Every structure is written in C-alpha cells, then in structure tokens.
Amino acid sequence: MAALLLRHVGRHCLRAHLSPQLCIRNAVPLGTTAKEEMERFWNKNTSSNRPLSPHISIYVYLFGLSALLLPGNFESYFEFVKSLSLGPALIHTAKFALVFPLMYHSWNGIRHLMWDLGKGLKIAQLYQSGVVVLVLTVLSSVGLAAM
C-alpha cells in the first residue's frame with residue numbers, strides 16, 4: 001500500500017516539475033499498436049507450438065535458494081564445504097556460476113534503462129550494447145568470484 005502511495009506521489013511530483021517537452025522529447029514512436037503486437041505474438045506462439053509455461057529447468061535455481069531456508073547456521077555449512085576439501089578451481093568456478101546470472105541481469109537492466117530513454121535502438125547499437133553487456137558480465141563475474 002505504501003509503495004503504491006509513494007509511486008502516485010512521485011509521479012505527481014514529476015509531472016508538476018518537468019516540462020511536457022522534456023517528457024515527450026525522449027519518447028520513441030511505436031510502429032504498431034498494442035492490439036497488432038498482441039495478435040502477432042499469439043500467432044507466432046500458436047504456430048510454433050510453444051508451451052505456455054516455462055520449462056521445468058527454470059526452477060533449478062530455486063533449489064539453490066532453498067538452502068537459505070535450511071536449518072542450521074552459516075558456519076556449519078561453511079565448515080561442511082571446507083571438510084569436502086574441494087580445490088580452489090572448483091570453488092572459484094562455483095562462485096562464478098552463482099554470480100554470473102546476477103551480473104548479467106544487472107548489466108542488461110542498465111541496457112534496458114538506456115532503451116527506455118530512447119538511446120541505442122538502432123540495430124548496430126543493439127549488437128554493440130549486447131557485446132558490451134557480455135564483456136562487462138564476464139569481467140565483473142570473474143572479479144566477484146575472485147573475492
């Protein structure tokens with residue numbers, strides 16, 4: 001409830017302080033209507049026989065997150081991992097595998113925010129920003145996994 005109220009007040013304050021030209025200047029005109037996009041989406045999905053819900057493999061990450069709900073404390077699980085005598089390469093690889101999706105999501109979120117501003121929407125810029133996202137993801141993932 002508080003979030004909805006904050007959102008409403010924030011929008012009202014932004015509308016009162018920003019000029020209409022500033023809000024419209026960065027708007028990108030759409031080539032199709034929402035109805036046409038919806039029809040195109042459903043026609044494509046119907047013709048490709050895709051399932052409506054995600055595949056079961058998407059829920060594999062929930063098993064990792066369920067570790068947060070296991071009984072015991074962090075120290076007991078940390079001691080258990082240390083007792084396995086895993087090599088540093090395997091531990092680094094596991095940390096990289098955990099942090100990679102989070103970094104990709106973060107960098108790609110920034111990319112999408114730039115799109116919302118109307119920047120980088122040409123095809124060449126899309127490919128370029130995609131490569132930048134992948135490079136930044138790998139570099140930041142390696143850096144965080146090395147900690």
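Residues numbered from 1 in each chain as written. Predicted model: local features only at pLDDT ≥ 70, side-chain atom pairs only at ≥ 80, totals over all residues. Heavy atoms only, no water.

**Focus on the UniProt feature "transmembrane region" (unreviewed entry) in the chain**
The feature "transmembrane region" (unreviewed entry), as annotated in UniProt, sits at residues 56-74, 86-107 and 127-146 in this numbering. This span, residues 86-107, is 91% helix and 0% strand, and a straight line between its end C-alpha atoms measures 31 Å. Structurally, residues 127-146 is divided into 95% helix and 0% strand, and its ends, taken at the C-alpha atoms, are 29 Å apart. (UniProt positions renumbered as here; feature names shortened; annotations may be inferred. Helix = DSSP H or I, 4+ residues; strand = E, 2+ residues; numbered from the N terminus.)

**A closer look at the packing of aromatic side chains**
What describes a pair of aromatic rings is the distance from one ring centre to the other and the angle between the planes of the rings. Applying the stated criterion across every chain yields a total of two aromatic pairs. Relative to tryptophan 42, the ring of phenylalanine 41 has its centre 5.1 Å away and its plane inclined at 75°; by these criteria the two rings are edge-to-face. Seen from their ring centres, phenylalanine 96 and phenylalanine 100 are 5.6 Å apart, and the 40° between their planes marks the pair as tilted. Here the residue phenylalanine 96 and the residue phenylalanine 100 both occupy positions in helix H6 (residues 88-116), the gap between them amounting to four residues, near one helical turn. (Phe/Tyr/Trp six-rings, centres within 6.5 Å; stacked < 30°, edge-to-face > 60°.)

**Looking at the pattern of salt bridges**
Charged atoms that come close allow side chains of opposite charge to pair. Under the defined criterion, the tally for this structure stands at one salt bridge. Salt-bridge contacts for arginine 40 lead to glutamate 37; the nearest nitrogen and oxygen are separated by 3.0 Å. Here arginine 40 and its partner glutamate 37 are both found in helix H3 (residues 34-48), three residues apart, which amounts to about one turn of the helix. On the accessibility criterion, arginine 40 (56% relative accessible area) is exposed. Judged by its relative accessible area of 32%, glutamate 37 falls in the partly exposed class. (Salt bridge = Lys/Arg side-chain N within 4 Å of Asp/Glu carboxyl O. Buried < 20%, exposed > 50% of the residue type's maximum accessible area, 1.4 Å probe, protein only.)

**Structural notes on the packing of H6 against helix H7 (residues 123-145)**
Axis separation between H6 and H7 bottoms out at 8 Å; the angle between their running directions is 145°. Read as a crossing pair, H6 and H7 show a hand that is right-handed. Looking at the contact of H6 with H7 residue by residue, the classes come out as 15 nonpolar, seven polar and two charged. (Axes fitted to C-alpha atoms, helices over the stretch in contact; angles between N-to-C directions. Left-handed = near helix turned anticlockwise from the far one by under 90°. Nonpolar A, V, L, I, M, F, W, Y, C, P; charged D, E, K, R; others polar.)

**Re H6**
Across its 29 residues, H6 extends 42 Å between first and last C-alpha, which sits within 8% of the 42 Å expected from 1.5 Å per residue. Among the residues of H6, those classed as buried are Val99, Met103, Asn108 and Arg111. In this structure, the buried residues of H6 make contact with H7. With its phi angle positive at about 85°, glycine 118 sits one or two positions after the end of H6. (Expected span 1.5 Å × (residues − 1). Contact = heavy atoms within 4.5 Å.)

**Some details on H3**
Taking 1.5 Å per residue as the helical rise, H3 with its 15 residues ought to reach 21 Å, and the 21 Å between its terminal C-alpha atoms agrees with that figure. Taken from the residues just after H3, asparagine 49 is the one with a positive phi, measuring 55°.

**A short note on the confidence of the model for the chain**
Averaged over all residues, the pLDDT of the chain equals 81, while 68% of them reach at least 70. Mean pLDDT in the chain bottoms out at helix H2 (residues 20-25), which sits at 53, and peaks at H7, which reaches 97. (pLDDT = per-residue confidence, 0-100.)

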